[in-house]
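Report on the structure
Chain residues, written in single-letter form:
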Amino acid sequence: MQQGSLLEMTMLKLFGIVFFCGLLSPSQEVLSGLSCAVSPGAMQNVLSDAILQNGLLQQHLQGLVLPNIMGDGSLLSSPTSITGLHLVKVRLPKLSVVLLPGIGVQLTIAAKLELSGNCLVGLLSELINILVDVKITANIKCTNFESGTVQVVIEDCLCVLGTVKIKLLSGLLSLSVNEIVLKQLTATLPGLLCPVVDIVVNLVNIQLLGTLNAVIPVGTAGTIHYRLASLPFTSGLFLGLDLDGAVKQVGGSIIPHDSSASTLPPLLDKLLVLGLRQSFLNAVLSLLIQIPPQTFTCTPEAFSGASHLQEAIMTLIPAGCSTCHGTSPLSIKLTLSGNPLILLEENKATVELSVMIQVFIKRLDGPVLNLLLLKADLSLNVHVSIAGGRLVLGLSLGSTSLSLKSSDVGISNISILEPHCSSLLVETLLPLINAVAGDVGIPLPNVLGIPLIKVDIQILAGLLVILV
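Residues numbered from 1 in each chain as written. Predicted model: local features only at pLDDT ≥ 70, side-chain atom pairs only at ≥ 80, totals over all residues. Heavy atoms only, no water.

1. Section: the overall build of the chain
Here is the rule we go by: Only DSSP runs of H or I with at least four residues qualify as helices, and only runs of E with at least two residues qualify as strands; both kinds are numbered from the N terminus onward. Burial classes follow relative accessibility: with a 1.4 Å probe on protein chains only, a residue under 20% of its type's maximum area counts as buried, one over 50% as exposed, and anything between as partly exposed. Exposure was quantified through the Shrake-Rupley algorithm and a 1.4 Å probe, taking into account, for residues, occlusion by the shown protein chains and nothing else.
Broken down by element type, the chain carries 8 helices and 20 strands. Across the 468 residues in the chain, those meeting the buried criterion constitute 47%. Accessible surface computed for the chain: about 21,300 Å², of which carbon and sulfur atoms make up 56%.

And the structure:
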């Protein structure tokens, strides 16, 4: 359709960015690091805010000037010319979205355009005001996904004029003027509106692109690059997409994460559902939780857990070790072993973490004496919340499993050390982990600019779900 060609190009750019988020059908499996679901109502609100409520459409239609309208007249009417016809105001603009199963999206923009100009009928010149209803409807389909992008095809586009109300300053309106105006506006107005809409949509395009393709820092440790991972899925009620989150260390390589099949829960009356898979969260945690080794001396001013651990260890040292019972205080070194691992079960999240605990004596006249090398396998309870667009993890100790790796002085039974090691780790290491897991947190994609407020969080098997 000729009058819709420019509008097709405009909508192609808009929907190439905007209409990627929604909900997969209950049986639709998704395989990327993240998936999101946005209701048609939420999408409509976002686009209405960006195009209409912020005055963007009014601003760029303000300079619209229509060609002169000329009428030759007849035996019963004088020649008519309307010049300087321009847009005064966009009244009552509305935007609506309908999802087309198996096809794509139908977007409708409706508004009343107030036009003004000069009308010359015969020898009488006066102001003319025109109020015309305009409705633009476009059917959009996504296709050809490649490297985070999709091609969007306009299968049909229609621009229709509705009621036209004409008012002359004198109040005298001939039938010929009404017919001339209606005919000329129907022929010219759709083609003039499309280039302006193209400008508006390109500006919205830039704004919304950043919500789907963004590199977000994770503290100072690295970044997450969010982008579209597959072709959008369209049902009659929802639009669905997968997002990939590439986790990269600063100055290093991408941290890989496996993807396993999972499904999102029903959207119901929510605006947004965002699902984060366990494998993706593990990749981010391995970047986020990088605590350097912590070494301290068991002096009276040290942590109480360290003092109690020292007292317990001294009772285990064989009597024949003279060096062990000297005046030098014990030193303790804590080192993370391997990467943290988050486990998502129904209504429960835990983080498994291993810590090497080295207890030694620094001797002035010889090498370091290693009293004990222990491995503590921790199970940390996780409280999940959202703050400032970030996923915040609050960790608390659930359980500790202690094993002996080596002892230079022959200690073999460590059963009494477990509670003291647990207290030591709660005092020294856990606050450092919470400082990054809670204070820094995991930045989330700002999908369509929908704020993550008043959220509900569901923990499913292998999937963390955020509902807005």
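2. Details of the pairing of strand 4 (residues 104-121)
Here is the rule we go by: Note on pairing: DSSP must find at least two bridges between two strands before they are called paired.
In the sheet, strand 3 (residues 80-100) pairs with strand 4 via 16 bridges, with the strands oriented antiparallel. By the bridge assignment, Leu87 is partnered in strand 4 with Leu115. Where strand 3 folds back on strand 4, the antiparallel hairpin that results is connected by 3 residues, among which Gly102 adopts a positive phi of roughly 75°.

3. Looking at the packing of helix 7 (residues 418-428) against helix 8 (residues 430-440)
Put simply, the test is: Lines fitted to the C-alpha atoms define the axes, with helices restricted to the stretch that makes contact. Angles between their N-to-C directions range from 0 to 180 degrees. Reported orientations rely on four angle classes, namely roughly parallel under 35 degrees, roughly antiparallel over 145, roughly perpendicular from 65 to 115, and oblique for the rest. Contacts are assigned to residue pairs that have any heavy atoms within 4.5 Å of one another. Polar here means any residue outside two lists: the nonpolar Ala, Val, Leu, Ile, Met, Phe, Trp, Tyr, Cys and Pro, and the charged Asp, Glu, Lys and Arg; Gly therefore counts as polar.
Where helix 7 contacts helix 8, the axes come no closer than 4 Å and their chain directions differ by 40°. Put simply, helix 7 runs oblique to helix 8. Contacts between helix 7 and helix 8 involve Leu425, Val426, Glu427 and Thr428 from the former and Leu430, Pro431 and Leu432 from the latter. Its residues assigned to classes, the contact of helix 7 with helix 8 shows 5 nonpolar, 1 polar and 1 charged.

4. Digging into the confidence of the model for the chain
The line we're drawing: pLDDT gives the predictor's per-residue confidence on a scale running from 0 to 100.
Of all residues in the chain, 82% attain a pLDDT of 70 or more, and the chain-wide mean is 81. Within the chain, helix 1 (residues 5-15) has the poorest average pLDDT of any element, 34, and strand 17 (residues 390-406) the best, 96. Contacts of residues 1-31 to residues separated by more than four positions or lying in other chains number 115 contacts, the stretch itself having pLDDT below 50.

5. Side note on helix 7
For an α-helix, 3.6 residues make a turn, and residues three or four places apart therefore share a direction. Stated precisely, the cut-off is as follows: Relevant arc is that of directions from the helix axis to the C-beta atoms, nothing else.
Those residues of helix 7 not exposed but buried are Cys421, Ser422, Leu424, Leu425 and Thr428. Along the long axis of helix 7, the arc covered by the buried residues comes to 160°, so they all point the same way.

6. Points about the pairing of strand 20 (residues 463-467)
Burial of strand 20 is extensive: 5 of the 5 residues sit out of reach of the surface. Neither face of strand 20 is open: one carries Leu463, Val465 and Leu467, the other Leu464 and Ile466, and all of them are buried. Inspection of the sheet shows strand 12 (residues 272-277) paired to strand 20 by 5 bridges, in the antiparallel sense. Directly across from Val273, in strand 20, lies its bridge partner Leu467. Pairing of strand 19 (residues 456-460) with strand 20, which is carried by 5 bridges, proceeds in the antiparallel orientation. Each residue of the ladder has a partner; that of Ile459, found in strand 20, is Leu464. The loop that links strand 19 with its antiparallel partner strand 20 comprises 2 residues; one of these, Gly462, has a positive phi angle of about 75°.

7. Side note on the sheet that holds strand 17
Read from one edge to the other, the open sheet built from 6 strands follows the order 13-14-15-16-17-18, with strand pairing classed as antiparallel. If you trace the sheet from one side to the other, it starts and ends with strand 13 (294-297) and strand 18 (442-443), each paired once. Across 15 bridges, strand 16 (residues 369-387) lies against strand 17 in antiparallel orientation. Bridge pairing in strand 17 links Ser385 to Val392. Running over the sheet, helix 7 touches strand 13, strand 14 (331-345), strand 15 (348-361), strand 16 and strand 17 and is turned about 145° from strand 17.

8. Side note on the pattern of salt bridges
Quick note on the threshold: Here, a salt bridge means any side-chain nitrogen of Lys or Arg that lies within 4 Å of a carboxyl oxygen of Asp or Glu.
Tallying each qualifying case throughout the model produces 4 salt bridges. Ionic pairing is found between Lys112 and Asp133, a salt bridge with its closest N-O pair at 2.8 Å. A residue pair is termed long-range when its members are at least 10 positions apart, and Lys112 in strand 4 and Asp133 in strand 5 (residues 124-146) qualify at 21 residues. A salt bridge links Asp456 to Lys270, with the nearest nitrogen and oxygen atoms 2.8 Å apart. Placement of Asp456 in strand 19 and of Lys270 in the loop between strand 11 (254-255) and strand 12 is noted, with a sequence separation of 186 residues between them.

9. Remarks on the packing of helix 6 (residues 304-316) against helix 7
Helices that pack against each other are described as a pair by the angle of their axes relative to one another and the distance between those axes. Our working definition: Throughout, a crossing is termed right-handed when the near helix is turned clockwise from the far one, and left-handed when it is turned anticlockwise from it by less than a right angle.
Between helix 6 and helix 7, the least distance of the axes is 8 Å, while the angle of their chain directions is 155°. Taken together, helix 6 and helix 7 sit at an angle that is classed as roughly antiparallel. The crossing of helix 6 and helix 7 is left-handed. On the side of helix 6, the interface is formed by Ser304, Gly305, Ala306, His308, Leu309 and Ala312, while helix 7 contributes His420, Cys421, Ser423, Leu424 and Glu427.

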